[in-house]
Amino acid sequence: MAQKYPIHPDFRLLKYLHMPFNRVILAVENFFLSLLYHLQPNTKGVVRRRHRIMARDGYKIKLDFFIPKHQPGPFPAIIYYPGGGFVMPATHIHRYNLSKIVGDLKIIGVMVHYRLSPKYPFPIAFYDAIDALEMLKKNHKDWNILLHKIMLAGDSAGGNLAAGVSLYEKDNHNEIYPQMLVYPALNRGAESESRRLYYDAPMLKKTTLDNVAKVYFRNGYQGMEKYATPCLHPEMSGLGPCYIETAEFDPLHDDGICFHQQLLKAGVASRLLETKGTVHGYDVIRKSPIVMKSVKERHAFIREMLTHDLLQE
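Quick summary incoming for the structure in this document. (Residues numbered from 1 in each chain as written. Predicted model: local features only at pLDDT ≥ 70, side-chain atom pairs only at ≥ 80, totals over all residues. Heavy atoms only, no water.)

## What about the nonpolar core?
Counting residues in each nonpolar core, the largest one holds 53 residues, and the members touching the most others are Leu63, Phe65, Tyr81, Phe126, Leu152, Tyr216 and Phe259. When residues no more than four places from it in sequence are discounted, the contact partners of Phe126 are Leu161, Gly164, Val165, Tyr168, Tyr216, Met224 and Tyr227. Within the second largest apolar cluster, 21 residues are counted, among which are Ala90, Met111, Ile302 and Leu306. (Core = buried A, V, L, I, M, F, W, Y, C linked by side-chain atoms within 4.5 Å. Buried < 20%, exposed > 50% of the residue type's maximum accessible area, 1.4 Å probe, protein only. Contact = heavy atoms within 4.5 Å.)

## Here's the deal with helix α2 (residues 92–105)
In this model, α2 (14 residues) spans 20 Å end to end at C-alpha, consistent with the 20 Å of a helix rising 1.5 Å per residue. The element α2 is extensively covered by neighbouring structure, given that 10 of its 14 residues are classed as buried. Looking only at α2, the buried set comprises Ile93, His94, Arg95, Asn97, Leu98, Ser99, Ile101, Val102, Gly103 and Leu105. The backbone nitrogen of Ile93 has a side-chain oxygen 3.2 Å away, supplied by the residue at the start of α2, namely Thr91. One or two positions beyond α2, positive phi appears at Lys106, with a value near 60 degrees. (Helix = DSSP H or I, 4+ residues; strand = E, 2+ residues; numbered from the N terminus. Expected span 1.5 Å × (residues − 1). Polar contact = N/O pair within 3.5 Å; in protein donor to acceptor, adjacent residues only side chain to side chain.)

## Side note on the pattern of salt bridges
Taken as a whole and judged by the stated rule, the model has 17 salt bridges. We note a salt bridge from Lys4 to Asp200, for which the minimum N-O separation is 3.2 Å. Placement of the pair is Lys4 in the segment before α1 (23–39) and Asp200 in the loop between α5 (193–197) and α6 (206–216), with a sequence separation of 196 residues. Among the residues examined, Lys4 registers a relative accessible area of 49% and is labelled partly exposed. (Salt bridge = Lys/Arg side-chain N within 4 Å of Asp/Glu carboxyl O.)

## Describing the environment of Glu297
Position of Glu297 among the secondary structure elements: in helix α9 (residues 289–312). Between the alpha carbons of Glu297 and Glu245 there is a distance of 9.4 Å; along the sequence they are 52 residues apart. With near-sequence residues (within four places) excluded, Glu297 lies in contact with Tyr243 and Leu273.

## Looking at a nonpolar patch on the surface
Residues Val24, Val28, Phe31, Phe32, Leu35, Leu36 and Leu39 make up a contiguous nonpolar surface patch of roughly 690 Å² in combined accessible area. Mapping Val24 onto the fold places it in helix α1. On the basis of relative accessible area, Val24 is assigned to the exposed category, the value being 60%. (Patch = residues over 30% accessible without salt bridge, like charges linked within 9 Å, V, L, I, M, F, W, Y side chains within 5 Å. Areas by Shrake-Rupley, 256 points an atom, 1.4 Å probe, with all protein chains shown as cover.)

## Section: the packing of helix α3 (residues 124–138) against helix α4 (residues 157–173)
Geometry of a packed helix pair, given as the angle between the helix axes and the separation of the axes. The interhelical angle for the contact between α3 and α4, taken along N-to-C directions, is 60 degrees, at an axis separation of 10 Å. Here α3 is positioned oblique relative to α4, judged by the angle of their axes. Handedness of the α3/α4 crossing: right-handed. For the pair α3 and α4, contact is made by Ala125, Phe126, Ala129, Ile130, Leu133, Glu134 and Lys137 and by Leu161, Gly164, Val165, Tyr168, Glu169 and His173, respectively. Each residue belonging to the contact of α3 with α4 can be placed in one class, and the counts come to eight nonpolar, two polar and three charged. (Axes fitted to C-alpha atoms, helices over the stretch in contact; angles between N-to-C directions. Parallel < 35°, antiparallel > 145°, perpendicular 65-115°, else oblique. Left-handed = near helix turned anticlockwise from the far one by under 90°. Nonpolar A, V, L, I, M, F, W, Y, C, P; charged D, E, K, R; others polar.)

## Points about helix α8 (residues 253–265)
Given a rise of 1.5 Å per residue, 13 residues ought to cover 18 Å, and the 19 Å separating the end C-alpha atoms of α8 matches this to within 8%. Restricting attention to buried positions, one finds in α8 the residues His253, Asp255, Gly256, Ile257, Cys258, Phe259, His260 and Leu263. Contact partners of the buried residues in α8: α4, β6 (179–182), α5, β7 (242–249) and β8 (270–279). Positive backbone phi, at 85 degrees, marks Gly267, one or two positions downstream of α8.

## Side note on the sheet that holds strand β1 (residues 46–54)
With respect to topology, eight strands assemble into an open sheet ordered β1-β2-β4-β3-β5-β6-β7-β8, the strand pairing being mixed. Each edge of the open sheet is held by one strand with a lone partner, namely β1 and β8. Across the sheet, the mean angle separating the axes of adjacent strands is 20 degrees when strand polarity is ignored. (Pairing = 2+ DSSP bridges.)

Written as structure tokens, this is what we have:
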């Protein structure tokens, strides 16, 4: 089959991968993804500790803390919401990437295992994301976290949560956090050129986005559309600095561009990295020079936001 998009050769194998939406296949795939997550070793010098916190409805949310060994702390922290279309769990790639950040930058990384659709539709994952942050703030001394040095981050659906929580915290608590959003889902429907052009791109198709909307938002937005689709938020001024990374042949490419442009218009510092020849989820190919450059840029932003001034003290 001829290659429809001029995807970089590093990512040619990804053309065979797409997110499943058959419930049986999804359940099987999620089982193996969870297994791979647990089998993934940490970066050298990093330990993982699992804790559970109480959500507002009594459910116990699982959090994985990735902590530098033999370091006294307290530490800056990056709270990470993993992507997966709101239907798939954190993968071994998520664990590897967060563990690498922790090992390289000597900060705490917190992986939030929010509840998934189709069992749990919006706004449950969004509330889990908020509740995890609120509990970490409340108990920051117990977790050895510097309260004034917290970043919110996520990829794809997790980028949606990170942006939504950042906006919610600004609006409701007047608290500001830097954000790192990797090929994030921030808009809706077919309201962008990239969603029309790359409707059948590898890894993420328009039909997948349509299915997410039907399953995750099946109960509607419940008055929180501006957090469910952050590009539609009417007032972004006052948000913290943001790093946004996009993939070229990705239906969500323009979501990141839209958010970046609106942040700049609102006077918010925003840094955009548009990767070329890439598809959604391209960073699963760890050894690609394109991926390594992206990782370097992510780490540089985190260092600037969370550790730069601490190193100078």
